Amino acid sequence: MNILDSTGEEGVCVEMAMVCLNDFEEYAKQHLSKATGDYYDAGADDCCTREDNLLAYKRIRLRPRILRDVSINDTRTSVLGMEISFPVGIAPTGFHCLAWHEGELATARATEAVNTCYIASTYSTCSVEEIAAAAPNGYRWFQLYLYRDRKLSEQIVRRVEALGYKALVLTVDVPYTGKRRNDIRNQFKLPPHLKVKNFEGMFQEQAGSQEEYGIPANTLDPSISWKDVCWLQSLSRLPIIIKGILTKEDAELAVEHGVQGIIVSNHGGRQLDGGPATIDCLPEIVDAVQGRVEVYMDGGIHTGNDVLKAIALGAKCVFIGRPAIWGLAYKGEEGVREILQILHDEFRLCMALSGCRNVAEINRNLIQFSRL
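Quick notes on the rules
- Residues numbered from 1 in each chain as written.
- Predicted model: local features only at pLDDT ≥ 70, side-chain atom pairs only at ≥ 80, totals over all residues.
- Heavy atoms only, no water.
- UniProt positions renumbered as here; feature names shortened; annotations may be inferred.
- Helix = DSSP H or I, 4+ residues; strand = E, 2+ residues; numbered from the N terminus.
- Buried < 20%, exposed > 50% of the residue type's maximum accessible area, 1.4 Å probe, protein only.
- Polar contact = N/O pair within 3.5 Å; in protein donor to acceptor, adjacent residues only side chain to side chain.
- Contact = heavy atoms within 4.5 Å.

The protein chain carries the name (S)-2-hydroxy-acid oxidase in an unreviewed UniProt entry, which gives Cyprinus carpio as its organism. Quoted straight from UniProt, the Cofactor (unreviewed entry) entry for the protein chain says "FMN". UniProt's Sequence similarities (unreviewed entry) comment on the protein chain is quoted here verbatim: "Belongs to the FMN-dependent alpha-hydroxy acid dehydrogenase family."

Laid out in structure tokens, this is it:
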């Protein structure tokens, strides 16, 4: 698990071990093109929310218990009744083929091998059929946007249900795309050899028509509302998870509308800048739903310590976005597996050092909020 990093004495190459997720981030920055790196790294406007997703964890301290016999640790948990190896899954992120030639196929195989959950993105550069074929025994959910042309959304829902995807993750925080300055400066576009494969051939290309992240501009429907959750429930028997909730008020509405899960998410800080860090929103949402639905979260997870804090504050599972991309950029499927293994090992160690023998023993008593 080494990369050539620099030249030592007398021109001998010195290898740097990939020890933590930050090592993979640095590798990706050095090896991805500027436009691709900027796309993955982008936050909205001044990137305050993107940065606070990371900084918020540093304001939280742990209250470890001692003499608890932690000679055996069990990191397993379950999401929607399915057992996974530890409470970290892969969040929906677009365009994996920009980071590695096999793209989402490599990501799917890695999550299958580690036995955790992969949320496939609508904006994948491999189709839902190709992803399912690459990891036939993998546990997959599908992330969905609603479009002005509802037939596009309906068709993809029917495809993923037939393919054995286990849940629909409805992203609700993108009535319009946030302003990502570097994407505008770079005039970001997918290279000609890549497509949003799930919609290949569904849009009639017109000369001079504007494109936004691989599909025609103004395709997203800004009129999306709670009634569309009911429409989706009428369309499919799959569990529905709402991704993009940050307040107790919306969490309560989600429960009232009969969804099965909530992902506390600010889209990696890529939508509304100046909003709260997701870990700061988590406690009020967990308190609001009172166990009626499962609560997950994404945003800012870089260490096993971060995972422990999120689980202690009530998340059933957390999801990582950019770190999966860094793993792909490093070594494809093997890189994503290494990212997940590092997080698993760090989480298990932090559990033990905090006096927790299994995930059920992790609770809010572990948490002390710093005044910093």
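Asker: Tell me about the side chain of Thr75, and please be specific about residues and values.
Answerer: Relative to the assigned elements, Thr75 resides in the loop between strand 3 (60-62) and strand 4 (77-79). A relative accessible area of 6% means that Thr75 is categorised as buried. Within the structure, Thr75 has its side chain in polar contact with the backbone oxygen of Ser85 (distance 2.8 Å). Within polar-contact distance, the side chain of Thr75 engages the side chain of His344 at 3.0 Å. Beyond its immediate stretch of four places on either side in the chain, Thr75 contacts Ser85, Phe86, Pro87, His344, Phe347, Arg348, Met351 and Val359.

Asker: Please provide a residue-by-residue account of the UniProt feature "binding site: glyoxylate" (unreviewed entry) in the protein chain, values included.
Answerer: In the numbering used here, UniProt assigns the "binding site: glyoxylate" (unreviewed entry) feature to Tyr39, Tyr145, Arg180, His267 and Arg270. Relative accessible area serves as the criterion here: at 11%, Tyr145 is assigned to the buried category. Discounting residues that sit within four places of it in the chain, Tyr145 has contacts with Thr122, Tyr123, Ser153, Thr171, Val174, Leu220 and His267. Mapped onto the elements, His267 comes out in the loop between strand 13 (261-264) and helix 10 (278-289). We classify His267 as buried; its relative accessible area is 13%. Look past the residues within four positions of His267 in its chain and what remains in contact with it is Tyr145, Thr171, Asp173, Val174, Arg180 and Lys243.

Asker: Pulling in residues and values, what's your account of the UniProt feature "binding site: FMN" (unreviewed entry) in the protein chain?
Answerer: Using the residue numbers shown here, the UniProt feature "binding site: FMN" (unreviewed entry) corresponds to Pro92, Thr93, Gly94, Ser121, Gln143, Thr171, Lys243, Ser265, Gly321 and Arg322. With respect to the helices and strands, Lys243 occurs in strand 12 (residues 240-245). Note on Lys243: relative accessible area 4%, which makes it buried. Residue contacts for Lys243: discarding those within four places in its chain leaves Pro92, Val169, Leu170, Thr171, Val172, Asp173, Ile263, Ser265, His267 and Asp298. Mapped onto the elements, Arg322 comes out in helix 12 (residues 322-353). Residue classification places Arg322 among the partly exposed residues on the basis of a relative accessible area of 22%. Within the structure, the side chain of Arg322 is placed 2.8 Å from the backbone oxygen of Tyr40, a separation counted as a polar contact.

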